[in-house]
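Here's the letter readout for the chains.
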Amino acid sequence: MPNQKLRTLIVDDEPLARQTVRRLLAADLEIEIVGECGDGKSALKAITSLKPDLVYLDIRMPGLSGLGVLTKIKPTDRPAVIFATAYDDFALKAFELFAVDYLLKPFTDERFSESLLKGKQRARRSGGGALDATIDSLLEHYSRRNPPPGASRAYTAAMPFKVGLDRHLLRPCDIRWIEGQSDYVRIHTTKQPVLIRRTMSHLLTQLPAGKFVRIHKSAIINLDYIKRMRSAWSGDWALELDDGTQLKVSRN
């Protein structure tokens, strides 16, 4: 598109930052500013509808981050991007690892011009397969490091359990509680219980730390499924899970 202006979208949650970027972009005769967004959700909608050639994209935004926006866009629909970030250790290390250019806030006019030149070259390039692959690798790295809110990769990834001649794949997040039965454990899931040959102590080492707690010698519970905790006159405590299950808590 040598004779056409590059349709450019500004995305930053700080109004002053958007104003600065608008001023710097407005001085470039090759740029046409088609819109501004202050959060990730509106940015995703604008990229889908406006189909800009170039996006100035802030990384740190409430809700959906800049990298989160890109993970939701098909590579074939992805515009050229000028990344911007403040002092974000993960973003800096990731960009350096994958050799992606970025702007570190606060930046100078000269540094912005350097980055804009690269962004324009990327937007006008017809065969950007190598950089597309680099961006895909960056987003994959980001997704591994940033699982959905309230969950970790270990918490959502399936774990294999052998039951007879079969192997079952269970996600820790689907396990309500685990009941010890001698050399076996009965895993109570959100669907149906599974009985496997394993000790409680060994199984606890395989589960994500911080999500599962052994409350009794024969019971391990998933903290996410606790409904309430009750005390008795004897001084004992009992837990009630979301499905009504009542479990005694050891005084230890």
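Computed from a prediction, not measured in an experiment: that's the story for all the values here. (Residues numbered from 1 in each chain as written. Predicted model: local features only at pLDDT ≥ 70, side-chain atom pairs only at ≥ 80, totals over all residues. Heavy atoms only, no water.)

Chemist: Go over a nonpolar patch on the surface, please, and point to the residues and values.
Modeler: On the surface, Val-213, Leu-223 and Ile-226 cluster together into a nonpolar patch covering about 190 Å² of accessible area. Mapping Leu-223 onto the fold places it in the loop between strand 12 (219-222) and strand 13 (226-231). Judged by relative accessible area, Leu-223 falls into the partly exposed class, the value being 36%. (Patch = residues over 30% accessible without salt bridge, like charges linked within 9 Å, V, L, I, M, F, W, Y side chains within 5 Å. Areas by Shrake-Rupley, 256 points an atom, 1.4 Å probe, with all protein chains shown as cover. Salt bridge = Lys/Arg side-chain N within 4 Å of Asp/Glu carboxyl O. Helix = DSSP H or I, 4+ residues; strand = E, 2+ residues; numbered from the N terminus. Buried < 20%, exposed > 50% of the residue type's maximum accessible area, 1.4 Å probe, protein only.)

Chemist: So what's going on with helix 1 (residues 15-26)? Residues and values would help.
Modeler: End to end, helix 1 covers 16 Å across 12 residues, agreeing with the expected 16 Å (1.5 Å per residue, within 8%). Considered for burial, the residues of helix 1 that qualify are Ala-17, Arg-18, Val-21, Leu-24 and Leu-25. The buried residues of helix 1 occupy an angular sector of 130° when projected down its axis, which confines them to one face. Opposite the buried face of helix 1, by more than 90 degrees, sit the exposed residues Pro-15, Leu-16, Gln-19 and Ala-26. Buried positions along helix 1 lie against strand 1 (6-11), strand 2 (31-37), strand 3 (54-58) and helix 5 (109-124). (Expected span 1.5 Å × (residues − 1). Arc of directions from axis to C-beta. Contact = heavy atoms within 4.5 Å.)

Chemist: Which residues make up the confidence of the model for the chain, and what values go with them?
Modeler: Parts of the model with low pLDDT should not have their predicted coordinates read in detail. The predicted model of the chain averages 80 in pLDDT, with 76% of residues at 70 or higher. Confidence drops under a pLDDT of 50 for residues 127-131, and excluding neighbours within four residues, the segment shows three contacts in the predicted structure. (pLDDT = per-residue confidence, 0-100.)

Chemist: With reference to specific residues and values, describe the packing of aromatic side chains.
Modeler: Under the defined criterion, the tally for this structure stands at two aromatic pairs. Arranged with centres 6.1 Å apart and planes meeting at 40°, the rings of Tyr-56 and Phe-112 form a pair that is tilted. Note that Tyr-56 is positioned in strand 3 and Phe-112 in helix 5, a separation of 56 residues in sequence. Accessibility assignment for this pair places Tyr-56 and Phe-112 in one class, buried. By the ring-pair criterion, three or more aromatic residues cluster together here, those being Tyr-56, Phe-107 and Phe-112. (Phe/Tyr/Trp six-rings, centres within 6.5 Å; stacked < 30°, edge-to-face > 60°.)

Chemist: So what about the sheet that holds strand 2? Which residues, and what values?
Modeler: Pairing in this open sheet of five strands is parallel, and the strands run 2-1-3-4-5 from one edge to the other. Two strands in the sheet have a free side with no partner beyond their single neighbour: strand 2 and strand 5 (102-104). Neighbouring strand axes in the sheet, compared pairwise and without regard to direction, differ in orientation by 20° on average. With four bridges connecting them, strand 1 and strand 3 associate as parallel partners. Each residue of the ladder has a partner; that of Leu-9, found in strand 3, is Val-55. Helix-sheet contacts for helix 2 (residues 40-50) involve strand 1, strand 2 and strand 3, and the interaxial angle to strand 1 is about 170°. The sheet contacts of helix 5 involve strand 1, strand 2, strand 3, strand 4 (80-85) and strand 5, and relative to strand 4 the element is tilted by about 155°. (Pairing = 2+ DSSP bridges. Axes fitted to C-alpha atoms, helices over the stretch in contact; angles between N-to-C directions.)

Chemist: An account of the environment of Pro-208 is requested, with residue identities and associated values reported.
Modeler: If you trace the backbone, Pro-208 turns up in the loop between helix 8 (200-206) and strand 11 (212-216). Once the C-alpha coordinates of Pro-208 and Cys-173 are considered, the two residues, 35 residues apart in sequence, prove to be 9.5 Å apart.

Chemist: Provide a residue-level description of helix 5, including the pertinent values.
Modeler: Between its first and last C-alpha, helix 5 extends 22 Å over 16 residues, near the 22 Å set by a 1.5 Å rise per residue. Residues of helix 5 that are buried include every one of Phe-112, Ser-115, Leu-116, Gly-119, Lys-120, Arg-122 and Ala-123, and no others. Along the long axis of helix 5, the arc covered by the buried residues comes to 155°, so they all point the same way.

Chemist: Break down the packing of helix 1 against helix 5 for me, citing the residues and quoting the values.
Modeler: Any two packed helices are characterised by how steeply their axes cross, that is the angle between the axes, and by the distance between the axes. Where helix 1 contacts helix 5, the two axes come as close as 11 Å, and the packing angle between them is 65°. In terms of axis orientation, helix 1 runs roughly perpendicular to helix 5. Note on packing geometry: the crossing formed by helix 1 with helix 5 is right-handed. Along its contact with helix 1, which presents Val-21, Arg-23, Leu-24 and Leu-25, the element helix 5 presents Asp-109, Phe-112 and Leu-116. (Parallel < 35°, antiparallel > 145°, perpendicular 65-115°, else oblique. Left-handed = near helix turned anticlockwise from the far one by under 90°.)

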